[in-house]
Amino acid sequence: MTPQHTSVLTPDVPAPEAFTSAADAVTRLEELYQTAVSFLCEQFRNTLRNGPEGHRIRAFYPEIRITTTSFAKIDSRLSFGHVAEPGVHAATITRPDLFRNYLEQQIDLLLCNHNVAVTVRASETPIPVHFAVTSETDLSVPQAGATDFTLRDIFDVPDLSTTNDDIVNGMHSHDENGVGPLAPFTAQRVDYSLARLSHYTATDPEHFQNHVLFTNYQFYVTEFEAYARKVMADPDSGYTSFVSTGNTEITSADAPIPPVDKQPQMPTYHLKRADGSGITLVNIGVGPSNAKTATDHIAVLRPHAWVMVGHCAGLRNSQSLGDFVLAHAYLREDHVLDDDLPVWIPIPALAEVQIALEQAVADVTELRGYDLKRVMRTGTVATIDNRNWELREHTGPVQRLSQSRSIALDMESATIAANGYRFRVPYGTLLCVSDKPLHGELKLPGMASEFYQTQVARHLLIGIRAMEALREMPLERLHSRKLRSFDETAFL
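Before going into details, it helps to say that this report is about the structure given with it.

Reading guide: rules and limits
Every chain is numbered on its own, with residues counted from 1 as its sequence reads. With pLDDT at 70 or above as the cut-off, local features in this predicted model cover only qualifying residues; side-chain atom pairs require 80 or more to be listed or tallied, and sums for whole chains, interfaces and linings still use all residues. The side-chain quantities take in all heavy atoms of the structure and omit both hydrogens and water. Pairs were defined over the aromatic rings of Phe, Tyr and Trp, the Trp ring being its six-membered one, requiring ring centres within 6.5 Å. Orientation was assigned from the angle between planes: stacked under 30 degrees, edge-to-face over 60, tilted for the rest. In this text, helices come from DSSP runs of H or I with a minimum length of four residues, and strands from runs of E with a minimum of two, each type numbered from the N-terminal end. Residue burial is assigned from relative accessible area. The probe radius is 1.4 Å, only protein chains are included, and a residue is buried under 20% of its type maximum, exposed over 50%, and partly exposed in between. A contact between two residues is defined here by any heavy atoms of the two lying within 4.5 Å. A helix is expected to span 1.5 Å for every residue after the first. Summarising the geometry, the arc corresponds to the directions from the helix axis toward the C-beta atoms.

## Remarks on the packing of aromatic side chains
The tally for this structure, following the rule as stated, stands at 7 aromatic pairs. Ring plane angle 80° and centroid distance 5.4 Å describe the contact between F44 and F155, whose orientation is recorded as edge-to-face. With F44 in helix α1 (residues 22-50) and F155 in the loop between α4 (151-154) and β7 (180-181), the pair connects residues that are 111 residues apart, well separated along the chain. Taken individually, F44 and F155 each receive the classification buried, so the pair is uniform in this respect. Where F185 meets F423, the ring centres are 5.7 Å apart and the plane angle is 45°; that geometry is what we call tilted. One end of the pair, F185, is in the loop between β7 and α5 (187-201); the other, F423, is in helix α11 (residues 413-423), and 238 residues separate them in sequence. Here the aromatic residues F99, Y102 and F491 are joined through ring pairs into a cluster of three or more.

Rendered as structure tokens:
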């Protein structure tokens, strides 16, 4: 029988307050959040130690909202930082300490663009106890049946009705009270992904940088560490530390990194700068499911760009092993995003990212103009969900590849680009041809070893150079209006 609670125990929190300073608003968000999670952790410890005391225990995420009444036109050159129409818009917030710079930037734009105060208060969305205890090393939520009480009778647990992608998928506009979304993700959705990131990557979310490289081979990790050690030896590089699997962080070029007993599913490494503008490298492994999983969760960190630098099959006889492919279109046969982003939606190439990648190839290879075309092709990349596609009957797949004008094929790039489009994260793809199965050059062990030794370092360096170029670009230019719809959240 379910216990009947006579009361709900909640922490004391300040009344709603209006702010005209972004920094002060974020400080209040931090106070509300810390009060809530401290209360939940304390009550959870007491309950584990002494058992339930007849109360339901609940604390709420902080919330920020803005109310506007004017239809005045906002500077249309900026794709974010303003609400699309008058009304009330709100967002629940988690981990304001982690997102402080982002929140201050977004709130400051709201204050400047609309010239009205923002209100900070406790929301009506409970914080699940699972997410509240994540920062407490001595606390973990037991599995069902491990305690002599039913957890969800006492504490709130994750709720799928507020842990979804309805906002970014364009399926949610206003709640039952007419309040529109202010941010692309709810607090529970963010907490869900922060927990998954720690699990999949074996590094904490606070280490992630604003520029993310994805690869599908571990060979790139060795080169990334070598590059990190090189730039950390240069005091003028701006890079401050390197974080490896298990949150091992080094700040000097010759510091050792102990080996780990067990690699996570998606080993991740971070070359950090003090302002978060460094580079994160994620080895997502092979396949569109992994690509979707990684980008689903990294998206809540609101990175400024992500780029795929993996290997591919060259589809043209004129290509050579080691040539580069700059994707300007995608043939999506990966299927993992079909329910979230139908295949009839075009995924446009983003000029800012394309130019940065092409320039990086030119700089690293020291080739220009027509000579650059000898080592780099621009065209459509096809992404499939069958690693052994070569073993199937060829007529259908090869015909589709020909009709699409595809020049390369892989299993991740279109997924990463499509999720970048869906989550409004600038994206790009620069692949390296590692085999040509349609022309008798399969990826065999001997060929692969020679190829990896000669090409991985150069390919990774090109990706890094492109990210460093994007880092210098103003955000209002990088975050293209091509990624924003006519009914967008104000927060980036």
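Read on for the rest.
## Concerning the environment of E136
Within the fold, E136 resides in the loop between α3 (129-132) and α4. When its relative accessible area of 27% is taken as the criterion, E136 is described as partly exposed. The sequence separation of E136 and S38 amounts to 98 residues, and the corresponding C-alpha distance is 9.8 Å. Discounting chain neighbours no more than four positions away, the residues touching E136 are C41 and R45.

## Overview of unusual backbone geometry
With a phi angle near 75°, H335 is a residue other than glycine that sits in the positive phi range. For H335, a relative accessible area of 45% gives the class partly exposed. One non-glycine residue, E366, adopts positive backbone phi at about 60°. Along the polypeptide, E366 turns up in the loop between α8 (351-365) and α9 (369-372). On the basis of relative accessibility, which here comes to 69%, the residue E366 falls in the exposed class.

## Structural notes on helix α2 (residues 100-114)
The end-to-end C-alpha distance of α2, which contains 15 residues, comes to 21 Å, matching closely the 21 Å that a straight helix rising 1.5 Å per residue would cover. Residues Y102, L103, Q106, I107, L110, L111 and H114 constitute the buried set of α2. Burial along α2 is one-sided: seen end-on, the buried residues are contained in an arc of 160°. For α2, exposure combined with an orientation more than 90 degrees from the buried face picks out N101 and C112. The elements touched by buried residues of α2 are β2 (17-19), α1, β4 (60-68) and β6 (118-126). At the exit of α2 stands N115, carrying a positive phi of roughly 55°.

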